[in-house]
Every structure is written in structure tokens, then in C-alpha cells.
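Structure at a glance
Given next are the chains, with one letter for each unit.
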Amino acid sequence: MGCDGGTIPKRHELVKGPKKVEKVDKDAELVAQWNYCALSQEILRRPIVACELGRLYNKDAVIEFLLDKSSEKAPGKAASHIKSIKNVTELRLSDNPAWEGDRGNTKGDKHDDLQRARFICPVVGLEMNGRHRFCFLRCCGCVFSERALKEIKAEVCHTCGAAFQEDDVIVLNGSKEDVAALRGRMEERRLRARLQKKAKKPKAAECASKLDVGEGPSRAKPEEPSPDSQDRKAAPAPRNAANGGSSGKAGKPPSAATKRSIADSEQSEAYKSIFTTHSSAKRSKEESAHWVTHTSYCF
């Protein structure tokens with residue numbers, strides 16, 4: 001069947017050879033990596049964050065991914081290593097003054113230059129379009145080109161002046177070798193943090209036990225007063241009888257051991273006659289009035 005009408009088939013139509021491997025357009029791949037979120041596949045918009053492997057995300061997409069606890073959520077490979085918001089760093093990006101975006105293409109008839117990037121290196125001025133290697137610092141989030149860090153060697157950030165180490169430099173959208181190296185550093189960093197956290201727990205428990213041991217005896221057994229303090233409490237300081245009688249202020253009644261009568265004192269008779277305990281102040285039964293009567297002496 002077939003080949004009617006004098007058609008002559010060619011060899012490639014009859015013999016099927018091996019399938020050609022589809023090549024990915026490099027320009028399209030660079031645009032997808034540097035202009036779109038690796039998690040939600042949406043256009044990058046501030047605030048933009050980066051993980052410890054150098055991938056770019058929208059911060060709101062990362063928060064939604066962490067808050068979604070449903071079992072239906074498919075853990076994506078691009079964010080499987082992100083366990084908390086502390087695993088990402090918010091980037092400080094420098095805008096490109098030559099980038100117009102959609103402002104100059106209102107009619108839709110203008111050519112979009114894919115090589116034009118939204119952000120540039122603040123030191124050298126290279127555009128962050130994937131043609132040049134870029135990196136950021138974990139300590140502050142500032143973004144630079146790798147050429148700027150190599151040409152201007154310093155131990156502080158070129159923008160904010162924060163001190164950083166070599167371990168804080170993370171390459172953005174690096175190659176497979178870069179990602180493998182960054183993953184190893186990330187695992188070492190997290191393991192070190194877990195060991196430090198475990199080491200702090202026994203120290204905190206020891207401090208708490210020491211405090212309990214120190215406070216235990218003081219709570220169980222109160223301090224015993226010294227014999228000197230007991231003697232001071234048993235023998236209070238004598239008060240002046242004249243001041244006590246003339247002041248008229250209500251005070252604590254003296255104890256039976258320290259109570260003394262004015263009549264037994266060695267004061268003069270004129271001084272003793274001031275008080276009601278003197279014999280001249282006492283009335284006889286004849287002078288005392290009946291409780292029904294009213295005399296001026298009763299008032």
C-alpha cells in the first residue's frame with residue numbers, strides 16, 4: 001500500500017534514526033533564572049530573597065510555601081532545603097537606570113532587549129543578566145559582581161561596610177559545581193549550629209540546678225537571730241517619762257518588766273503632782289459624784 005502515483009520515498013522517511021536531543025535556548029534559560037521566581041515561576045518583584053544555594057525567590061512566595069502545611073503540597077526541588085525564613089536572605093539590589101521595563105513598550109511593537117537587566121553591580125556597573133557571575137553576602141544581603149570582589153579585595157562590604165568572611169559569599173545562579181559546593185557548606189553550617197544548640201542546653205541546665213541548690217537551704221531554713229540581737233530586742237532603749245507623758249501620742253504599751261510608777265521615781269514632789277497617779281490627784285469617795293449627777297469635775 002502507498003507510494004501510488006509514482007511517489008518515491010526518501011530514506012529518512014522509511015528508516016527512523018535516533019532522536020535528536022532538544023537543546024535548551026541559553027538566552028531563555030538565563031531569562032528564566034534571573035527574571036523569574038524559582039518557586040512560583042512569577043516575575044521577580046521586591047522584596048527579593050536568595051537561598052543558601054544562590055537561587056532567587058519572591059519573599060511572599062517563600063512565606064506561602066512555609067505556611068502551607070497541607071499534605072497536598074508537593075515539595076518542590078527548588079525549595080526543599082528551605083525549612084524556615086531564616087534560611088533565606090533579603091537582597092539589597094541596585095537598580096539599573098537604563099532599564100525601562102514596560103514603560104517604553106506601551107503599544108507592544110517594540111523589541112524587548114533580553115540582555116538589558118533590571119539590576120546592576122553598584123561597584124563595577126555590570127548588568128545582572130546572567131552573562132556575568134554575581135554573588136551576595138549572607139551577613140548584609142548586598143549584591144555584587146564577582147569581578148568587583150576580585151578586583152577590590154576587602155574584608156568589609158563595599159556598600160554598607162559590614163565585615164564578612166569567605167563563607168558568607170554565595171554565588172547567584174551558579175553552575176552545578178557551584179551548587180554542589182554551596183550545598184556542602186550549607187550542611188556543614190547547619191550541623192555546626194545544631195551542635196552549638198545542643199551544647200548550650202546542658203550549660204543552661206547546670207546553671208538552673210546551681211541556682212536551685214543555692215536557693216534551697218535559704219528557703220527551707222530561715223536565718224537564726226544572733227544572741228546580740230536577742231538581747232537588744234529583750235531590753236529596749238528607755239524612754240524619757242517627761243516626753244512620754246507630755247507628748248500625748250499613742251505608742252506601744254510598755255512591757256510588764258519595764259513598767260515603772262512615777263511615785264517610785266526619785267523625782268521631786270512638784271514634778272510628781274503633775275500626774276494623776278499622785279496622791280493629791282486622787283479623790284475620796286465623798287468627793288466623787290454619783291453617776292447620775294453632772295459636775296464640772298466629770299468633764
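Positions within a chain are numbered from 1, following the residues in the order the chain's sequence is written. In view of the model being predicted, local features appear only for residues whose pLDDT reaches at least 70, and side-chain atom pairs are presented and counted only at 80 or more, with totals across whole chains, interfaces and linings using the full set of residues. As a convention, hydrogens and water are excluded, and side-chain values are obtained from all of the structure's heavy atoms.

Moving on, we come to the overall build of the chain. Elements are defined by DSSP. Helices are runs of H or I of four residues or more, strands are runs of E of two residues or more, and each kind is numbered from the N terminus. Helix and strand counts for the chain come out as eight helices and eight strands. Two residues form a contact once any of their heavy atoms are found within 4.5 Å. Within the chain, contacts between residues at least 6 apart in sequence are counted, and of these 46% link residues at least 24 apart. Surface accessibility of the chain: about 23,700 Å² in total, with carbon and sulfur atoms responsible for 54%. Under the convention used here, a 1.4 Å probe and the Shrake-Rupley method define accessible areas, while residue burial counts only the protein chains that appear.

Moving on to helix α3 (residues 59-67). Residues Ala61, Val62, Phe65 and Leu66 constitute the buried set of α3. For α3, the arc enclosing every buried residue in end-on projection is 135°, short of the 170-degree limit, so these residues lie on one face. Exposed side of α3, more than 90 degrees from the buried face: Glu64 and Leu67 are the residues found there. Of the surrounding secondary structure, the elements contacted by the buried residues of α3 are β1 (48-50) and β2 (56-58). Exposure classes here rest on a 1.4 Å probe applied to the protein chains alone. A residue is buried below 20% of its type maximum, exposed above 50%, and partly exposed in between. Relevant arc is that of directions from the helix axis to the C-beta atoms, nothing else.

Turning next to helix α2 (residues 26-35). Turning to α2, its buried residues number three or more, namely Leu30, Val31 and Trp34. Down the axis, α2 shows its buried residues gathered within 100° of arc, on one side only. Where the residues of α2 are buried, they touch β2, β6 (134-137) and β8 (169-172).

Before going further, it helps to spend a moment on unusual backbone geometry. Trans peptide bonds make up most of the peptide bonds, and negative phi angles are found at most residues other than glycine. In this structure, the amide linkage connecting Arg46 to the following residue, Pro47, adopts the cis form with an omega of 0°. In this fold, Pro47 is placed in the loop between α2 and β1. In this model, Asn173 sits at a positive phi of 50°, which is unusual for a non-glycine residue.

Scored by pLDDT, the chain comes out at a mean of 77, with 68% of its residues at no less than 70. Of the regions scoring below 50 in pLDDT, residues 217-222 engages in zero contacts with residues more than four places distant in sequence or in other chains. pLDDT measures the predictor's confidence residue by residue and takes values from 0 up to 100.

Attention now goes to the sheet that holds β2. Any two strands with at least two DSSP-identified bridges between them are counted as paired. Ordered by their spatial adjacency, three strands build an open sheet running β2-β1-β3, and the pairing between neighbours is antiparallel. Two strands close off the open sheet at either side, each with one partner strand: β2 and β3 (89-90). Bridge analysis of β1 against β2 gives three bridges, and the strand direction is antiparallel. The partner of Ala50 across the bridge, within β2, is Leu56. Each of β1, β2 and β3 is contacted by α3, which is oriented at about 80° to β2, the strand it contacts most. Between the N-to-C directions of two axes lies an angle of 0 to 180 degrees, each axis being a line fitted to C-alpha atoms and, for a helix, fitted only over the stretch in contact.

Examined against the element boundaries, Thr89 turns out to sit in strand β3. Apart from residues lying up to four places away in sequence, Thr89 is in contact with Ile48, Val49, Ala50, Phe136, Leu137, Arg138 and Gly141.

The alternating pattern of β6 places Phe134 and Phe136 and Cys135 and Leu137 on opposite faces, both of which are buried. Here three bridges tie β6 to strand β7 (residues 143-145), and the two strands are oriented antiparallel to one another. Pairing of Phe136 across the sheet is with Val143, part of β7. Following β6, the chain reverses through five residues before pairing antiparallel with β7; Gly141 in that reversal takes a positive phi of roughly 90°. Two strands pair when backbone bridges link them, and β6 and β8 are joined in this way by four bridges, in the antiparallel orientation. From the neighbouring strand, Leu137 faces β8, where its bridge partner is Val169.

Here we take up the sheet that holds β8. Strand order in this open sheet of three strands is β7-β6-β8, and the pairing throughout is antiparallel. Looking at the sheet topology across the chains shown, the edges are occupied by β7 and β8. Pairwise comparison of adjacent strand axes, ignoring direction, gives a mean angle of 35° for this sheet.

A side chain of one charge can pair with a side chain of the opposite charge when the charged atoms of the two come close. By definition here, a salt bridge exists when the distance from a side-chain nitrogen of Lys or Arg to a carboxyl oxygen of Asp or Glu is within 4 Å. All told, the structure shown has 12 salt bridges when counted by the stated rule. Across the pair Glu42 and Arg45 runs a salt bridge whose closest N-O atoms are separated by 3.3 Å. We classify Glu42 as partly exposed; its relative accessible area is 38%. One network of salt bridges, with partners in common, ties together Glu52, Asp167, Arg185, Arg189 and Arg190.

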